[in-house]
Amino acid sequence: MTRLQTPLCALLGIRIPILLAGMAAGPCTPELVAAVSCAGGLGVFGATGMTTTALERDIERARELGATAIGVNVQITHPNAPRTDPATLANALVDVRRALDLPSPPPAAAPHPPAASARELIDAALAAGATVVTTGLGDPAEIRDLAAARGAPVLAMVASVADARRARASGADGIIAQGAEAGGHRATFDVPADGRVPLVGTLALVPRVVDAVDVPVVASGGIMDGRGLAAVLALGAQGASLGTRFLLATESAAAPIYRATLAGLPETATVVTDAVTGRPARWVRNALIDRLDAGPGHVGWGPQRHALDDIRTAAAVRGEPEYLPMLAGQGAGMAREQAAAAIVDEIADEAVAVMTRLGDLAR
Ligand SMILES: Cc1cc2nc3c(=O)[nH]c(=O)nc-3n(C[C@H](O)[C@H](O)[C@H](O)COP(=O)(O)O)c2cc1C
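The following refers to the structure shown. Keep in mind it's a predicted model, so treat the numbers as computed, not measured.

### A look at the packing of helix α8 (residues 161-169) against helix α9 (residues 202-212)
Moving on, step 1. Viewed as axis vectors pointing N to C, α8 and α9 meet at an angle of 35°, and their least axial separation amounts to 9 Å. Handedness of the α8/α9 crossing: right-handed. Where α8 abuts α9, its residues V161, A164 and R165 lie against L205, R208, V209 and A212.
Moving on, step 2. Here the contact of α8 with α9 is built from residues that sort into 5 nonpolar, no polar and 2 charged.

If you want it as structure tokens, here you go:
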């Protein structure tokens, strides 16, 4: 058994300081969450966009599969100002829609029922047995009281020292420092209207955050193997939160076309842009992302996502990688198909081997 315990492990009730990043929109199945937790790490559900009923059902299933430590992640977001109107956006996508045999302009969509709020999701998840809360994109103040009432620690993801201090002042029990390499949305709390956020790499961010707060820090972004885990432990982090590596886990719900795109992806093949959802995120570059990034502008967080609904569905059904939006980190090409437990074991064992080797170097 790997000896890699940090004080974070006691805080979260885990054995190995490896976290599955809660990833919204499907990848974090109950099987994936349970496999990571049963292997000694922390499995985390990406709850944003789920109904409370589906989240409760998934947590129950993870518990049936043997998970005791279970995390739930919510994105803390609010509406933001659109930078364009729906007609201009649709106009910029005429070619894309034609290639997918979709009509232009898009037919008026049926109104979307309001999604469950971050508070509703956290309340439901904690009642269903989640033991840890993680947040992304905004100040955890919004949900801190719910977690405190159930004795669940809150880890807030940030991308700057200023946001780390703010999260700590809001009662976060730990900080996830998200470097620029990370797949998914940038954790920056207040995104300027032009969508341009500072991109501070994991190597530069983690020690600054470690020095700035008095709670455990978890590193996130570009950590793909035991070398990465050892590196962030050396920077003062007490653990690592991985998203992209687990997308290729056998138990993840990532579609075959997504998996095939990530495997072997060059480190230069992703881009950060707010043009896809209305908030900056790191995506695999393809024809759709380049078209959006070229500048029609977004119609605001929420409406922008729905404006691409039929494109996303058609691209997924047809297995068309050039028109499917795919979130991924810069390290994607290092991921490979493996059972989640094997990923946790391999990363932990490799980190120990790296640290032992480094110890020998220093003697
Ligand atoms: C597909 C995908 C979805 C993500 N969804 C979320 C999310 O819902 N909430 C969140 O806080 N972070 C989300 N993230 C960001 C992760 O929390 C984490 O910062 C990132 O995956 C770490 O970098 P890595 O992908 O290089 O491991 C997502 C990342 C990916 C790749």
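Now that the structure is up, let's keep going.
### Digging into the sheet that holds strand β1 (residues 18-20)
Moving on, step 1. Strand order in the open sheet formed by 8 strands is β1-β9-β8-β6-β5-β4-β3-β2, with parallel pairing between adjacent strands. Either end of the sheet is taken by a strand with one partner, and the two such strands are β1 and β2 (43-46). The average undirected angle you get between the axes of adjacent strands in this sheet is 25°.
Moving on, step 2. The sheet contact formed by strand β5 (residues 154-158) and strand β6 (residues 174-178) spans 4 bridges and is parallel. By the bridge assignment, M157 is partnered in β6 with I176.

### Some details on the sheet that holds strand β11 (residues 281-284)
Moving on, step 1. Strand order in the open sheet made by the 3 strands is β7-β11-β10, with antiparallel pairing throughout. With partners counted over all chains shown, the strands left at the sheet margins are β7 (184-185) and β10 (270-273), one partner each.
Moving on, step 2. As defined by bridge partners, β7 adjoins β11 across 2 bridges and the pair is classed as antiparallel. Bridge pairing in β11 places H185 opposite A281.

### Overview of the site of the ligand
Moving on, step 1. Surveying the vicinity of the ligand reveals 20 residues, the closest of which are A24, N73, G222, G243 and T244.
Moving on, step 2. Backbone polar atom of A24 to an oxygen atom of the ligand: 3.0 Å apart, as the coordinates give it.
Moving on, step 3. For the shell around the ligand, the class distribution of residues is 8 nonpolar, 12 polar and no charged.

### A few points about unusual backbone geometry
Moving on, step 1. Here S104 and P105 are connected by a cis peptide whose omega angle stands at -10°.
Moving on, step 2. Following the sequence through the fold, P105 ends up in the loop between α5 (94-99) and α6 (118-128).
Moving on, step 3. Backbone geometry places D101, a non-glycine residue, at a positive phi of 60°.
Moving on, step 4. Take D101: it is sitting in the loop between α5 and α6.
Moving on, step 5. When its relative accessible area of 62% is taken as the criterion, D101 is described as exposed.

### Topic: the nonpolar core
Moving on, step 1. I18, L55, I175, V209, L229 and F246 are the most contacted members of the largest nonpolar core, which has 106 residues in total.
Moving on, step 2. Here I18 is in contact with V36, G41, L42, L229, A240, L242, F246, V344, I347 and A348, once residues within four sequence places are set aside.
Moving on, step 3. Counting residues in hydrophobic clusters, the runner-up holds 15 residues, among them L8, C9, L19 and L42.

### Some details on the pairing of strand β3 (residues 70-75)
Moving on, step 1. A large share of β3 lies buried, amounting to 6 of its 6 residues.
Moving on, step 2. Burial of the side chains of β3 extends over both faces: I70, V72 and V74 are buried on one face and G71, N73 and Q75 on the other.
Moving on, step 3. Pairing analysis gives 4 bridges linking β2 to β3, with the strands arranged parallel. Paired with G43 across the bridge in β3 is I70.

### Remarks on the pattern of salt bridges
Opposite charge on two side chains permits them to pair, given that their charged atoms come into close proximity.
Moving on, step 1. For the structure shown, the criterion picks out 21 salt bridges.
Moving on, step 2. Across the pair R98 and D95 runs a salt bridge whose closest N-O atoms are separated by 3.7 Å. Of this pair, R98 and D95 both sit in helix α5, 3 residues apart, roughly one helical turn.
Moving on, step 3. Shared partners join several salt bridges into a network, and the residues in it are E31, R61 and E64.

### Here's the deal with the pairing of β2
Moving on, step 1. Burial of β2 is two-sided: the residues G43 and F45 facing one way and the residues V44 and G46 facing the other way are all buried.
Moving on, step 2. In this fold, β2 hands off to helix α3 (residues 52-64), which returns the chain to β3; that crossover is right-handed.

### Considering helix α2 (residues 30-38)
Moving on, step 1. Of all the 9 residues making up α2, 7 are buried; the element is thus mostly covered by neighbouring parts of the structure.
Moving on, step 2. Contact partners of the buried residues in α2: β1, β2, α3, β3, α11 (244-247) and α16 (340-362).
Moving on, step 3. Positive phi appears at G40, one or two residues downstream of α2, with a value of about 110°.

### Focus: the packing of α2 against α3
In helix packing, the relevant descriptors are the interaxial angle and the interaxial distance, both defined with respect to the helix axes.
Moving on, step 1. At a minimum axis distance of 8 Å, the contact between α2 and α3 shows a crossing angle of 40°. By the angle between their directions, the pair α2 and α3 is classed as oblique. As for how α2 packs across α3, the hand of that crossing is right-handed. Packed against α2, whose contacting residues are P30, E31, V33 and A34, the element α3 presents D58, R61 and A62 at the interface.

### Details of α8
Moving on, step 1. Among the residues of α8, V161, D163, A164 and A167 are the ones counted as buried. Angularly, the buried residues of α8 cover 160° about the axis, an arc narrow enough to put them on a single face. For α8, the exposed residues set more than 90 degrees away from the buried face come down to A162 and A169.
Moving on, step 2. On its buried face, α8 sits against β5, β6 and α9.
Moving on, step 3. One or two residues past the end of α8 sits G171, with phi positive at roughly 100°.

What counts and what doesn't
Residues numbered from 1 in each chain as written. Predicted model: local features only at pLDDT ≥ 70, side-chain atom pairs only at ≥ 80, totals over all residues. Heavy atoms only, no water. Axes fitted to C-alpha atoms, helices over the stretch in contact; angles between N-to-C directions. Helix = DSSP H or I, 4+ residues; strand = E, 2+ residues; numbered from the N terminus. Left-handed = near helix turned anticlockwise from the far one by under 90°. Contact = heavy atoms within 4.5 Å. Nonpolar A, V, L, I, M, F, W, Y, C, P; charged D, E, K, R; others polar. Pairing = 2+ DSSP bridges. Near = heavy atom within 4 Å. Polar contact = N/O pair within 3.5 Å; in protein donor to acceptor, adjacent residues only side chain to side chain. Buried < 20%, exposed > 50% of the residue type's maximum accessible area, 1.4 Å probe, protein only. Core = buried A, V, L, I, M, F, W, Y, C linked by side-chain atoms within 4.5 Å. Salt bridge = Lys/Arg side-chain N within 4 Å of Asp/Glu carboxyl O. Right-handed = clockwise from strand over helix to strand, strands pointing away. Parallel < 35°, antiparallel > 145°, perpendicular 65-115°, else oblique. Arc of directions from axis to C-beta.

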